[in-house]
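# Fold and contact review
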Amino acid sequence: TAAGEPHLLLVFDDIAKLTDREIQMILREVDTKDLSVALKGASEEMQDRIFTNMSERVGTMLKEEMEFSGPVRMSDVEEVQLRVVQTVRQLEEAGQVTIVRGDSSDTCV
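Quick look at the structure, then. (Residues numbered from 1 in each chain as written. Predicted model: local features only at pLDDT ≥ 70, side-chain atom pairs only at ≥ 80, totals over all residues. Heavy atoms only, no water.)

What follows is about the packing of aromatic side chains. The geometry of two aromatic rings is summed up by the distance between their centres and the angle between their planes. Considering all chains together, one arrives at zero aromatic pairs under this definition. When the ring centre of Phe-51 is taken as origin, the NZ or CZ atom of Lys-63, which lies over that ring, is 4.6 Å away. (Phe/Tyr/Trp six-rings, centres within 6.5 Å; stacked < 30°, edge-to-face > 60°. Lys NZ or Arg CZ within 6 Å of the ring centre and 35° of its normal.)

Take a look at the structure:
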């Protein structure tokens with residue numbers, strides 16, 4: 001993250017901090033092929049959060065897609081993750097999701 005403004009920067013793994021409902025909303029907006037590429041470079045926590053929020057059938061399809069697509073260049077993964085992040089930003093601007101950026105321990109209850 002850029003020094004000085006880490007809280008303004010939304011990164012792909014920040015999606016894991018969203019509520020289940022918000023993640024489901026994002027999943028409806030993101031293409032499954034994009035998601036399979038984006039998740040290849042994601043943390044295990046992030047992958048778990050995504051798979052938990054989709055039906056077993058879709059999750060199985062996504063895992064197969066990830067396996068069979070073979071190796072993907074990290075630059076391609078980052079490009080797709082950026083596209084997903086832009087979708088999340090649009091939802092955030094529309095007031096549909098609330099992003100907790102970075103390692104903020106200041107959570108809402």
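Time to look at the nonpolar core. In terms of nonpolar packing, the biggest core is built from 29 residues, with Phe-12, Ile-15, Leu-35, Leu-39, Met-46, Ile-50 and Leu-62 touching the most fellow members. Those elements that place two or more of their residues in this core are α1 (20-29), α2 (32-40), α3 (44-52), α4 (56-68) and α5 (74-93). Residue contributions to this core peak at six residues, all from α5. Ignoring anything within four residues of it in the chain, the contact list for Phe-12 reads Ala-38, Leu-39, Ala-42, Met-46, Gln-81, Val-84 and Val-85. (Core = buried A, V, L, I, M, F, W, Y, C linked by side-chain atoms within 4.5 Å. Buried < 20%, exposed > 50% of the residue type's maximum accessible area, 1.4 Å probe, protein only. Helix = DSSP H or I, 4+ residues; strand = E, 2+ residues; numbered from the N terminus. Contact = heavy atoms within 4.5 Å.)

A word on the pattern of salt bridges. Tallying each qualifying case throughout the model produces five salt bridges. The salt bridge partner of Lys-17 is Asp-14, with a shortest N-O separation of 2.9 Å. For Arg-73, the salt bridge is made with Asp-76, and the minimal N-O distance between the two is 3.7 Å. (Salt bridge = Lys/Arg side-chain N within 4 Å of Asp/Glu carboxyl O.)

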